[in-house]
Amino acid sequence: GTISAEIKNDMKKKVSGLMIQRVCATTRNATDSIFISAFLGLTMTAIYSNYYYVMGAVTSFRAIITNSMLSGIGNGIQSETKEANYANMCKFDFMYMWISGWFTVALLCLYQPFMKLWMGAEYMFDFKIVILLCAYFYALKMGDIRSTYYNAVGLWWEGKWRAIMESVLNVSLNFFLAQIMGVYGIVLATIISIISVNFFYGGRFVFKYYFGMEKVKQYYLLHSLYFSITVLCSVLTYFCCNTFTEILNLKNELVSFLTKGMVCILVPNIFLLLVYSKTNNFQNMTQWLRGHKK
């Protein structure tokens, strides 16, 4: 068959925009190691790579969820109303940020014990870097569900400058902050570029071109709530992990790590359940899960 020139041009634009965004996303992740190597040396690069490897493994696991959702979301965009799709996005976003918040808490509490078991104390950063890496992970996850709708609608060409701006800002901040703050500056530069350009500026595109701009304020307010609750949950769980290990007087590193792991399974989810149990998003989530069980 034949395809009209209009459809061909639209396809070319979308593919071009998608290529730009993929390249920019790759450079965002790759430039961190390049700047650490250039300004701080290969030893520091190796240590950072170990920490990033752990975070990358967790991030890859989370990508399985969003990738599996894409076809269903695309079908919903074609067959359901914008209002129904927005309600679904809020529901999925709530579920996803619950899991992402839980993973963030686990990283905060278990990063250092795991690195000590795996690489040894001499190849560890201080705890401030762990806090920044947890913020990095959470910032990456904040826009995942919105990005899935963004991809399903096919807004790559419209958002091409967002990707370029994020990449340029990240490289610029890496260059300046690496010289001032070292590894802290490298991680902080990436966090700033993700939150300011990817989340706040990039988050507007799917509302501007699909859901409607009147909903964007509610979206940002919900994520402000999720972030605040995740911070509180992180502080509580970290305190509980340290308290339990001190009370039990655990000397074995592996036993201490496993004990903290059990605390990270129970405390965050109980806390989140108590906080969210009366909210509309929680009720929508439980109704949806019951419907799928049937």
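Just above sits the structure.
Structure report, in brief. (Residues numbered from 1 in each chain as written. Predicted model: local features only at pLDDT ≥ 70, side-chain atom pairs only at ≥ 80, totals over all residues. Heavy atoms only, no water.)

**Notes on the overall build of the protein chain**
This is how the line gets drawn: Strands here are runs of E lasting at least two residues and helices are runs of H or I lasting at least four, both read from the DSSP assignment and numbered beginning at the N terminus. Just to be clear, the radius of gyration here is over C-alpha atoms, and the globule rule we use is 2.2 Å times residues to the power 0.38. The rule is simple: take the accessible area with a 1.4 Å probe, protein chains only, and divide by the maximum for that residue type; under 20% is buried, over 50% is exposed, in between is partly exposed. Any two residues whose heavy atoms approach within 4.5 Å are treated as being in contact. Residue burial considers only the protein chains on display, and all accessible areas are found by Shrake-Rupley using a 1.4 Å probe.
Counting secondary structure elements, the protein chain contains 11 helices and 0 strands. The helix and strand sequence of the protein chain, counted from the amino end, reads α-α-α-α-α-α-α-α-α-α-α. Expected size for 294 residues packed as a compact globule is a radius of gyration near 19 Å; at 21 Å, the protein chain falls within 12% of this value. Reported as C-alpha extents along the three principal axes, the dimensions of the protein chain are approximately 70 × 50 × 35 Å. Within the protein chain, the fraction of its 294 residues that count as buried is 47%. Within the protein chain, residue pairs in contact and separated by at least 24 positions form 81% of the contacts whose partners lie at least 6 positions apart. Within the structure as shown, the protein chain displays about 15300 Å² of accessible surface, and the carbon and sulfur contribution to it stands at 67%.

**Description of helix α3 (residues 82-118)**
As a reminder of what qualifies: Bend is computed residue by residue as the angle between axes fitted to the seven residues ending at the residue and the seven residues starting at it.
Along α3, the helix axis deviates most sharply at Leu110, where the bend reaches about 50°; the proline Pro113 sits within four residues downstream. Among the 37 residues of α3, 27 are classified as buried, and the element is accordingly described as predominantly covered. Positive phi appears at Gly120, one or two residues downstream of α3, with a value of about 100°.

**Some thoughts on the side chain of Asn281**
The residue Asn281 is located in helix α11 (residues 280-293) in this model. Taking relative accessible area as the criterion, Asn281 reaches 15% and is therefore assigned buried. Ignoring sequence-local partners within four residues, the contact set of Asn281 consists of Cys90, Phe94, Leu222 and Tyr226.

**Brief notes about the nonpolar core**
Note the cut-off: By nonpolar core we mean a set of buried residues, namely Ala, Val, Leu, Ile, Met, Phe, Trp, Tyr and Cys, connected to one another through side-chain atoms within 4.5 Å.
Grouped together as the largest cluster of nonpolar side chains are 47 residues, with contacts concentrated most on Met89, Tyr149, Phe207, Phe211 and Tyr276. Secondary-structure elements contributing two or more residues to this core are α2 (42-79), α3, α4 (127-142), α5 (144-153), α8 (203-211), α9 (216-248), α10 (253-276) and α11. Among the elements that make up this core, the one with the highest residue count is α3 (13 residues). The residues touching Tyr276, leaving out its near neighbours within four places in the chain, are Phe94, Trp98, Tyr226, Ile229 and Phe282. One finds Val54, Cys134, Ala139 and Ala178 within the second-largest nonpolar core, a separate group that totals 29 residues.

**Brief notes about α4**
Heads up, the condition is: Every helix has an expected span of 1.5 Å times one less than the residues it contains.
Look at α4: 23 Å from first C-alpha to last across 16 residues, which is about the 22 Å you get at 1.5 Å a residue. Along α4, 12 of the 16 residues are buried, which leaves the element largely enclosed by surrounding structure. Within the span of α4, buried status applies to Ile129, Val130, Leu132, Leu133, Cys134, Tyr136, Phe137, Tyr138, Ala139, Leu140, Lys141 and Met142.

**Topic: the packing of aromatic side chains**
Here is the rule we go by: Two rings from Phe, Tyr or Trp (for Trp, the six-membered ring) form a pair when their centres are within 6.5 Å of each other. A pair whose planes differ by under 30 degrees is stacked, one over 60 is edge-to-face, and the rest are tilted.
The tally for this structure, following the rule as stated, stands at 33 aromatic pairs. Between Tyr138 and Phe227 the ring centres are 5.9 Å apart and the planes differ by 55°, which places this aromatic pair in the tilted class. Residue Tyr138 is found in helix α4, and its partner Phe227 is found in helix α9; the two are separated by 89 residues along the sequence. Residue classification places Tyr138 among the buried residues on the basis of a relative accessible area of 3%. Here the aromatic rings of Phe200 and Tyr220 are separated by 5.2 Å at their centres, their planes lie at 45°, and the arrangement is tilted. Of this pair, Phe200 sits in helix α7 (residues 183-201) while Tyr220 sits in helix α9, placing them 20 residues apart in sequence. The class of Phe200 is partly exposed, set by a relative accessible area of 40%. Joined through ring pairs, the aromatic side chains of Tyr86, Tyr149, Phe199, Phe200, Phe207, Tyr210, Phe211, Tyr219 and Tyr220 make up one cluster.

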